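This is what each chain is made of:
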Amino acid sequence: MRRIELALTADAVNPRLVYGTACVVIDVLRASTTIVTALANGCPEIIPVETPEEARTAARARNCLLGGERGGRRIEGFDLGNSPLEYRQERIEGRPIAFTTTNGTRAIRACASADMVLIASFLNAGSILQVLRVQDHDTSIVCAGTRGKPSLEDTVCAGMLLEGLNTRLEAEAVSLWRQHSKNLAQMMKHASAHGRDLMSLGFEKDIDFAARADIYDIVPILENESIVRKQS
Ligand code: MLT
């Protein structure tokens, strides 16, 4: 049987965990939800970087839009924040985006030594499962978490994937998924610490959107330090 590993925070990632694996990175609120939405709406390429300065450097070199957040809010001078609802087709179609978020892009960069890095959210979990079921690698699932602590919504999304892969491992994540699967938005608004923070910043609509399971048939994949749509 293929090995399946789970990390509940970006800080828990180490080379042994991801090396040689098909690695799935999850940051439901909100980086992975925003990445999936941007690709669905015609962004050709997202360059995930750790700092706003790196994003500015990438944007100068490549004529990109700048996207991302600190403290949940758009970074000064950036074109876009981290709300998936900002990433509309008329705003981003055909434009690469240099993107930095507090936990999500850091988690993606931490997994770069994996054989394959995919980005998952509730929006595209079914498509990610289809890829994982037919590939030959061991699998690692990496939740971004929030400031070094697990995030409930990321763990629930990991549980959804683990259940879909029919593994008996990580029973707690699977049981959290079963507990919350019928009401993802309520779980994020009331039981998730980061969800409550986003509510207090006025981002309730982002949470409703992030809770929409399988609305996009999109598999974002990291290739040459950029995230693009995986071709089937
Ligand atoms: C992060 O990467 O920490 C999150 O995406 C933060 C957010 O919700 O904007």
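Residues numbered from 1 in each chain as written. Predicted model: local features only at pLDDT ≥ 70, side-chain atom pairs only at ≥ 80, totals over all residues. Heavy atoms only, no water.

### Some remarks on the overall build of the protein
For the protein, the helix and strand inventory stands at eleven helices and ten strands. Computed over the C-alpha atoms, the radius of gyration of the protein is 16 Å, within 12% of the 17 Å expected from 2.2 N^0.38 for a compact globule of 232 residues. Looking at the protein as a whole, 57% of its 232 residues qualify as buried. A total of about 10300 Å² of accessible surface is found on the protein, and carbon and sulfur atoms cover 46% of it. Of the charged side chains in the protein, 27 are positive and 29 negative; the average position of the first set lies 2 Å away from that of the second. (Helix = DSSP H or I, 4+ residues; strand = E, 2+ residues; numbered from the N terminus. Rg over C-alpha atoms; globule rule 2.2 N^0.38 Å. Buried < 20%, exposed > 50% of the residue type's maximum accessible area, 1.4 Å probe, protein only. Areas by Shrake-Rupley, 256 points an atom, 1.4 Å probe, with all protein chains shown as cover. Lys, Arg positive; Asp, Glu negative; His and termini not counted. Charge placed at Lys NZ, Arg CZ, Asp CG, Glu CD.)

### A closer look at the site of the ligand
Residues in close proximity to the ligand include Asp27, Leu29, Arg30, Ala31, Glu69, Asn82, Thr101, Thr102, Asn103, Gly104, His194 and Leu198, which together make up its full environment. Separating an oxygen atom of the ligand from a backbone N or O atom of Ala31 is a distance of 3.1 Å. Protein burial of the ligand: of its 270 Å² of free accessible surface, 97% is covered by the chains. When the residues that make up the shell around the ligand are grouped by side-chain class, the tally is three nonpolar, six polar and three charged. (Near = heavy atom within 4 Å. Polar contact = N/O pair within 3.5 Å; in protein donor to acceptor, adjacent residues only side chain to side chain. Nonpolar A, V, L, I, M, F, W, Y, C, P; charged D, E, K, R; others polar.)

### Focus: the packing of aromatic side chains
Counting across every chain of the model gives one aromatic pair. With 6.4 Å between their ring centres and 85° between their planes, Tyr87 and Phe99 make a pair best called edge-to-face. Note that Tyr87 is positioned in the loop between strand 5 (73-74) and helix 4 (89-92) and Phe99 in strand 6 (residues 97-100), a separation of twelve residues in sequence. Like Tyr87, the residue Phe99 is buried in the burial classification. Seen from the ring of Phe203, Arg30 lies directly overhead, with NZ or CZ sitting 4.3 Å from the centre. (Phe/Tyr/Trp six-rings, centres within 6.5 Å; stacked < 30°, edge-to-face > 60°. Lys NZ or Arg CZ within 6 Å of the ring centre and 35° of its normal.)

### Brief notes about helix 3 (residues 52-62)
Residues of helix 3 that are buried: Ala55, Ala58 and Ala59. Looking down the long axis of helix 3, one finds its buried residues gathered within 100° of arc, a one-sided arrangement. Facing away from the buried side of helix 3, by more than 90 degrees, are the exposed residues Arg60 and Ala61. Lining the buried residues of helix 3 we find strand 4 (65-70) and strand 6. Backbone geometry just downstream of helix 3 places Asn63 in the positive-phi region, at approximately 55°. (Arc of directions from axis to C-beta. Contact = heavy atoms within 4.5 Å.)

### Notes on the packing of helix 6 (residues 125-134) against helix 7 (residues 152-164)
Each packed pair of helices is defined by two parameters, the angle between the axes and the distance between the axes. Between helix 6 and helix 7, the shortest axis-to-axis distance is 10 Å and the interhelical angle comes to 40°. Judged on the interaxial angle alone, helix 7 and helix 6 are oblique. By crossing handedness, the relation of helix 6 to helix 7 is classed as right-handed. Residues Ala125, Ile128, Leu129 and Arg133 of helix 6 lie in contact with helix 7, whose contacting residues are Met160, Leu161 and Gly164. Of the residues that constitute the contact of helix 6 with helix 7, the class distribution is five nonpolar, one polar and one charged. (Axes fitted to C-alpha atoms, helices over the stretch in contact; angles between N-to-C directions. Parallel < 35°, antiparallel > 145°, perpendicular 65-115°, else oblique. Left-handed = near helix turned anticlockwise from the far one by under 90°.)

### A look at unusual backbone geometry
Across the chain, the bulk of peptide bonds are trans and the bulk of non-glycine residues have phi less than zero. The peptide bond linking Leu29 to Arg30 adopts the cis configuration, its omega dihedral lying at -5°. Inspection of the secondary structure puts Arg30 in the loop between strand 2 (21-26) and helix 2 (31-40). With a phi close to 45°, Arg147 is a non-glycine residue in the positive phi region. Summarising the element assignment, Arg147 is placed in the loop between strand 8 (138-143) and helix 7. Owing to a relative accessible area of 60%, Arg147 belongs among the exposed residues under this scheme. For Asn224, which is not glycine, the phi torsion reads 50° and is therefore positive. Inspection of the secondary structure assignment puts Asn224 in the loop between strand 9 (220-223) and strand 10 (226-229).

### Looking at the nonpolar core
By size, the foremost hydrophobic cluster in this structure holds 41 residues, and its most contacted members are Ile26, Phe122, Leu161 and Met188. Broken down by element, this core gets its largest block of residues, seven residues, from helix 7. Those residues in contact with Ile26, other than ones at most four positions away along the chain, are Ser32, Ala120, Ile141, Val142, Cys143, Ala144, Asp154, Cys157, Ala158 and Leu161. Counting 30 residues, the second largest nonpolar core, distinct from the first, contains Val13, Leu80, Val142 and Ala144. (Core = buried A, V, L, I, M, F, W, Y, C linked by side-chain atoms within 4.5 Å.)

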